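Read off the chains here:
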Amino acid sequence: MTGDGIHWPGHGTTTEDVERIALGEALSLGENAWHRIGKSHERLSRYLEEQRLIYGVTTGYGPLADTLVGGDYSEALQRNLVAHLSAGVGEPLSQEQTRATMAARISALGLGASGISPSALNQLLRCLNAGALPVVPAMGTVGASGDLTPLAHIAGALMGKGWIRHANGGAEPAAEVLERLGLEPLEPAGKDAIALVNGTSAMTGIAALNDRLAERALRWSTLITVAHAQALRGRREAWHSAFGELRPHPGQKKLHRWLAILDDAPPDAMTDEGQVSTDALHQLSAPIQDPYSLRCAPQLLGAVADQIDWHTQTVTTELNSVTDNPVLPDTFDQALHGGNFYGQHVALASDALANAVITLAVHAERRIARLANPRLNQDLPAFLTGSETGLNSGFMGAQVTASALLAEMRTQAAPASIQSIPTNGDNQDVVTMGTIGARRTHHLLALLYRLLAIDALMAVQALELRAEPDLRSEATAQMMVWVRAHSPLLTSDRALSEDIEKTADAMRCPWTMPSHLALSHQVD
């Protein structure tokens with residue numbers, strides 16, 4: 001992604017901002033933000049001169065906070081915090097997830113109530129903008145005192161410890177990359193280390209990415225549903241906005257508006273309101289209502305829309321929050337000790353979003369199954385074969401993959417936010433597992449996009465086999481062109497694995513969507 005970069009005045013961070021930064025845009029902080037950061041650090045420095053009791057600055061950590069640590073040991077205390085927390089394991093976070101985590105931490109510290117030194121925060125900002133990304137093992141945080149472990153690996157890299165990937169290259173010793181960039185290793189003092197590691201920024205950064213991916217998945221699901229209705233000659237009477245007025249959930253009303261924009265093909269015939277004779281008892285050629293996958297689309301997709309909106313609100317609030325401990329508010333001349341690092345809001349929102357993502361997958365799999373089944377697909381060829389049905393099997397194998405993807409998603413449906421395990425000498429006696437929840441949802445979204453890719457390929461194939469252009473809306477015609485740019489018509493059997501992956505990757509990208517999927521904020 002290219003652009004002019006993101007400029008933060010120190011408030012108003014959005015999930016769209018985080019996604020753009022994760023995808024490569026630069027970040028800068030405004031003068032007001034740096035002013036607040038400097039004032040916060042000045043307050044901390046004054047408190048240290050006054051020899052105040054401040055957790056993690058003049059005491060040990062966790063249940064060891066009963067140990068007083070004098071100023072002579074301040075730098076060692078901060079270094080040791082990063083060292084002992086750098087215990088993550090497993091595959092590292094992706095580059096996008098790492099950038100999102102760094103951006104979320106900068107947003108929190110930029111609010112100016114954490115006491116971090118401007119030089120320490122600037123080190124984090126410069127590494128982000130230089131594409132010098134710490135290697136952060138994905139596993140090891142319980143989301144209680146924030147994301148201590150992944151953030152410690154980031155802080156360690158700023159100090160020249162551990163590993164950094166630079167400019168999309170492989171992992172290198174962090175000290176070598178810093179030297180190449182002309183950066184001195186960070187020597188944390190005061191509250192630098194605890195400010196860098198003590199917050200919800202890993203779960204929040206990943207959740208911000210999930211937020212944007214889920215929103216796009218909903219838009220794609222809506223457009224694909226319209227394509228199905230057109231290919232199957234659906235009765236779109238059920239999408240009438242009057243239903244939303246009678247049941248005014250915001251998401252459902254939004255979906256009625258979206259469906260009206262995307263489905264501007266000639267309207268289907270409404271149900272005949274004529275009288276039924278008293279002696280009538282004969283079979284109609286078809287039911288007067290469609291199956292739920294079409295008829296209940298505004299309700300199903302609308303409920304998902306409401307879940308995404310709640311997730312957006314929660315994550316946006318978290319991005320614009322001070323999430324470490326202790327905090328140094330400018331309205332109170334004292335370091336306040338509390339629990340703003342506790343990630344329960346993001347944990348619950350991530351689990352709710354995971355359920356919504358699986359709901360989109362269930363809907364997609366049912367759409368796929370209907371198109372594949374010659375008893376249900378309104379006289380289209382079995383499995384949408386392009387020619388010589390029986391010799392060719394069309395999307396038969398792709399449908400099996402869709403079933404397997406949904407099954408895999410369902411096996412990961414257990415919520416993370418209820419998996420509390422006391423740790424840290426029972427100091428952290430309730431924990432949130434918010435980062436596990438955000439990572440799980442991110443993985444579910446990757447599977448969902450593959451399902452949506454199969455769904456889109458089949459919906460476009462069905463519209464082309466139907467060969468009735470009058471059934472198509474402008475939006476579905478645009479979708480057909482978009483899909484064909486990534487996967488040609490299936491005229492005879494070929495391996496579809498690359499087509500599915502290529503289409504899924506393109507669907508995930510914010511800048512490659514068909515223009516109709518923009519569905520402007522004025523419409524929303």
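Residues numbered from 1 in each chain as written. Predicted model: local features only at pLDDT ≥ 70, side-chain atom pairs only at ≥ 80, totals over all residues. Heavy atoms only, no water.

Draft legend 1. Summary view of the packing of aromatic side chains. Taken as a whole and judged by the stated rule, the model has two aromatic pairs. The interplanar angle of 85 degrees and the centroid separation of 6.1 Å between the aromatic rings of tyrosine 55 and tyrosine 61 together place this pair among those described as edge-to-face. Among the residues examined, tyrosine 61 registers a relative accessible area of 13% and is labelled buried. Seen in terms of ring centroids, tryptophan 220 and tryptophan 482 are 4.8 Å apart; in terms of plane orientation they differ by 50 degrees. Their pairing is tilted. Of the two residues, tryptophan 220 is situated in helix H9 (residues 201-231) and tryptophan 482 in helix H17 (residues 474-484); the sequence distance between them amounts to 262 residues. This pair shows no difference in class: tryptophan 220 is buried, exactly as tryptophan 482 is. The ring of tyrosine 449 has arginine 508 sitting right over it, with the charged end atom 5.8 Å from the ring centre. (Phe/Tyr/Trp six-rings, centres within 6.5 Å; stacked < 30°, edge-to-face > 60°. Buried < 20%, exposed > 50% of the residue type's maximum accessible area, 1.4 Å probe, protein only. Helix = DSSP H or I, 4+ residues; strand = E, 2+ residues; numbered from the N terminus. Lys NZ or Arg CZ within 6 Å of the ring centre and 35° of its normal.)

Draft legend 2. Focus on helix H16 (residues 434-466). Its 33 residues place the ends of H16 47 Å apart at the C-alpha level, agreeing with the 48 Å of an ideal helix rising 1.5 Å per residue. With 26 of 33 residues buried, H16 is to be regarded as a mostly interior element. At the exit of H16 stands alanine 467, carrying a positive phi of roughly 55 degrees. (Expected span 1.5 Å × (residues − 1).)

Draft legend 3. Just unusual backbone geometry, in detail. The linkage connecting asparagine 325 with the following residue, proline 326, adopts the cis geometry, with an omega of -10 degrees. Tracing the sequence through the fold places proline 326 in the loop between helix H13 (297-319) and helix H14 (344-372). In this structure, arginine 233 is a non-glycine residue whose phi angle is positive, near 55 degrees. For arginine 233, the location among the structural elements is in the loop between H9 and helix H10 (241-246). A positive phi angle, near 55 degrees, is found at methionine 433, a position not held by glycine. Residue placement: methionine 433 occurs in the loop between helix H15 (396-410) and H16. For methionine 433, a relative accessible area of 7% gives the class buried.

Draft legend 4. Looking closely at the sheet that holds strand E7 (residues 171-173). Spatially, the three strands line up as an open sheet ordered E4-E6-E7, and their pairing is antiparallel. Looking at strand neighbours, the two that pair on one side only are strand E4 (132-134) and E7, the edges of this open sheet. For this sheet the average axis-to-axis angle between neighbouring strands, irrespective of direction, equals 45 degrees. Here three bridges tie strand E6 (residues 163-166) to E7, and the two strands are oriented antiparallel to one another. Within E7, the residue paired with isoleucine 164 across the bridge is glutamate 172. (Pairing = 2+ DSSP bridges. Axes fitted to C-alpha atoms, helices over the stretch in contact; angles between N-to-C directions.)

Draft legend 5. Looking closely at the packing of H9 against H13. Relative to each other, H9 and H13 sit at 160 degrees, their axes nearing to 10 Å. With respect to each other, H9 and H13 are oriented roughly antiparallel. Between H9 and H13 lies a crossing whose hand is left-handed. Only Ala297, Leu301, Val304, Ala305, Ile308, His311, Thr312, Val315, Glu318 and Leu319 of H13 make contact with H9, whose side of the interface consists of Thr204, Ala207, Ala208, Asp211, Arg212, Ala214, Glu215, Leu218, Ser221, Thr222 and Thr225. (Parallel < 35°, antiparallel > 145°, perpendicular 65-115°, else oblique. Left-handed = near helix turned anticlockwise from the far one by under 90°. Contact = heavy atoms within 4.5 Å.)

Draft legend 6. Representation of the nonpolar core. Residues Trp220, Met409, Leu448, Met479 and Met507 are the most contacted members of the largest nonpolar core, which totals 72 residues. Those elements giving two or more residues to this core turn out to be H9, helix H11 (250-262), H13, H14, H15, H16, H17 and helix H18 (497-508). Counting residues per element, this core draws most heavily on H16, at 16 residues. In this structure methionine 409 touches Val357, Ile358, Ala361, Leu444, Leu447, Leu448 and Leu451, once residues within four positions along its chain are discounted. Counting residues in each nonpolar core, the second largest holds 51 residues, with Ala33, Tyr61, Leu109 and Leu186 among its members. (Core = buried A, V, L, I, M, F, W, Y, C linked by side-chain atoms within 4.5 Å.)

Draft legend 7. Main features of helix H2 (residues 31-49). For H2, with 19 residues, the first-to-last C-alpha span of 27 Å sits near the 27 Å given by 1.5 Å per residue. Within H2 the residues assigned to the buried category are Ala33, Ile37, Gly38, Ser40, Arg43, Leu44 and Tyr47. Looking at the packing, one finds that the buried side of H2 touches strand E2 (27-29), helix H4 (95-109) and helix H5 (118-130). Positive phi shows up at glutamine 51, right after H2, with a value of about 55 degrees.

Draft legend 8. The arrangement of the pairing of E6 in detail. Covered by surrounding structure in E6 are Ile164 and His166 only, the residues Trp163 and Arg165 on the alternate face being uncovered. Where E4 meets E6, three bridges bridge the pair, whose relative direction is antiparallel. Counterpart to alanine 132 in the pairing with E6 is histidine 166. Hairpin geometry of E6 and E7 is characterised by an intervening segment of four residues between the two adjacent antiparallel strands and by a positive phi of about 55 degrees at alanine 167.

Everything listed here is a matter of geometry and, on its own, says nothing about what the molecule does.
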